[in-house]
Amino acid sequence: MGLLGTKSADPATTVATITLSTTRSKLRRDIAAWALVVVFLPVSFAAALPFFWMYLSSFKQASEIYSVTITWFPSKFYLGGYEYAIEHFQLVRAYSNSIFVSAISVSASVMTSAMAGFLFAKKQFWGKNVLFVFVLSTLMVPFFAIFIPSFVVYAVFLNLKNTYFALILPNIFTAFGILITRQFLHSIPGEMIDSATVDGAGDWRVFWHIILPLSKSVLAAIAILQFLGAFNEFLWPLVMIDSRDLYTLPLALRKAFAAQGPDPSRLLAGAVLSLTPILIFFLIFQRHIVRGISLTGVKG
């Protein structure tokens, strides 16, 4: 009797309740998002302010930059700093060296990260865990702790001083890349690899046709981070490179600044020319960085 006397809920009322709940949830998310925008927008603006001033002041003459009264926009656009920087800093050659070294380093580090991550995530071999702990331990060693031994190895034992190999070889291996690739590959079902193996695919075919296509996002993040690090590296090229023809961009700018004196228009023009490609590169590929890093938060 109780069951027969129970009235079923009105479908229209149920739909309206669900719609209202969804709307309220969406409204709360929107309010939280706008609150974050309101909080972080002034912080972002304050962080970007020096870069705006640098870009605008690179078109000023030295007297206007040194003026007691701070101005944002140049009274007259002055291109002398850029002309001097391009002509005397040998930026074209330095750009070419930096791009060459960065491209080779990124290609090698992406491949080593993918192959090592595949081995540690999907293969079983003796000493696997011990070797992986050893790889991770390299993340805890500061670069300056091995700086002098590295210099001795590359300059004395390998005789690679003043060569491209001295800049490329230290960057072909990245423990961080191996770590996040391994973490990501744990999310790929083992049954997929087992099915390919049953169909006759070997390890190399599985790696090229399954692992690499599925790992594009995380490998893109590794490539971008490695490129930024290799392109902006200064201290290691400073001690390993003597020939001006092999100078990378940071090294060429530092040597040029030290040689020509503290002319602010030339310094700012050189800084803008060195920063702009990296800024454009980051703005284009920032989505891949965020997505690749977020994909590493999977089961270990």
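Presented here is an overview of the structure given in this document. (Residues numbered from 1 in each chain as written. Predicted model: local features only at pLDDT ≥ 70, side-chain atom pairs only at ≥ 80, totals over all residues. Heavy atoms only, no water.)

Turning to the nonpolar core, a few remarks are in order. When a protein is soluble and globular, its nonpolar side chains tend to lie buried together. Leu91, Phe118, Leu185, Val206, Ile211, Leu219 and Leu249 are the most contacted members of the largest nonpolar core, which has 56 residues in total. Here this core gets 9 residues from one element, more than from any other, and that element is helix H5 (residues 91–122). With near-sequence residues (within four places) excluded, Leu219 lies in contact with Val110, Ala114, Thr181 and Leu212. (Core = buried A, V, L, I, M, F, W, Y, C linked by side-chain atoms within 4.5 Å. Buried < 20%, exposed > 50% of the residue type's maximum accessible area, 1.4 Å probe, protein only. Helix = DSSP H or I, 4+ residues; strand = E, 2+ residues; numbered from the N terminus. Contact = heavy atoms within 4.5 Å.)

So, about the pattern of salt bridges. Across all of its chains, the model carries 2 salt bridges by this definition. With its nearest N and O atoms 2.6 Å apart, the salt bridge here joins Lys123 to Asp203. Taken together, the positions of Lys123 in the loop between H5 and helix H6 (128–137) and Asp203 in helix H11 (residues 203–214) put the pair 80 residues apart, joining distant regions of the chain. Taking the shortest distance from any N to any O, the salt bridge between Lys161 and Asp242 comes out at 2.8 Å. With Lys161 in the loop between helix H7 (147–157) and helix H8 (164–168) and Asp242 in the loop between helix H13 (235–240) and helix H14 (249–260), this pair connects stretches of sequence that are 81 residues apart. By relative accessible area, Lys161 is classed as partly exposed at 28%. Overall, the relative accessible area of 49% leaves Asp242 in the partly exposed class. (Salt bridge = Lys/Arg side-chain N within 4 Å of Asp/Glu carboxyl O.)

Take the layout of surface pockets next. Empty space within the largest pocket amounts to approximately 800 Å³. In terms of lining, the largest pocket is formed by 21 residues, of which the most central are Thr138, Phe143, Ile146, Pro170 and Phe173. Of all the elements in the fold, those that place two or more residues in the lining of the largest pocket are H6, H7, helix H9 (175–185) and helix H12 (216–232). Within the lining of the largest pocket, the residues separate by chemical class into 14 nonpolar, 6 polar and 1 charged. (1 Å grid on protein atoms, 1.4 Å probe; cavity = no way out; pocket = protein on both sides within 12 Å on 5 of 7 lines; lining within 4 Å. Points joined across faces, edges and corners; volume = space filled by probe spheres on them. Nonpolar A, V, L, I, M, F, W, Y, C, P; charged D, E, K, R; others polar.)

Now for unusual backbone geometry. Despite not being glycine, Asn159 has its phi angle at roughly 55°, a positive value. By secondary structure assignment, the location of Asn159 is in the loop between H7 and H8. We note that Asn162 has phi near 65°; this positive angle belongs to a residue other than glycine. Within the element layout of this structure, Asn162 appears in the loop between H7 and H8.

Turning our eyes to something else, we now look at the packing of aromatic side chains. For the coordinates displayed, the defined rule picks out 14 aromatic pairs. Measuring from centroid to centroid gives 6.1 Å for Phe118 and Phe207, while their planes differ by 40°, and the two rings are tilted. A residue pair is termed long-range when its members are at least 10 positions apart, and Phe118 in helix H5 and Phe207 in helix H11 qualify at 89 residues. A residue is classified by how much of its surface remains accessible, and Phe118, at 6% relative accessible area, is buried. Between the aromatic rings of Trp204 and Phe207, the centroid separation amounts to 6.1 Å while the plane-to-plane angle is 90°, which identifies the pairing as edge-to-face. Here Trp204 pairs with Phe207, and both are found in helix H11, just 3 residues apart, close to one helical turn. An aromatic cluster of at least three residues, connected via ring pairs, comprises Phe143, Phe144, Phe147, Tyr154 and Trp236. Taking NZ or CZ as reference, Arg182 lies 4.2 Å from the ring centre of Phe132, over its face. (Phe/Tyr/Trp six-rings, centres within 6.5 Å; stacked < 30°, edge-to-face > 60°. Lys NZ or Arg CZ within 6 Å of the ring centre and 35° of its normal.)

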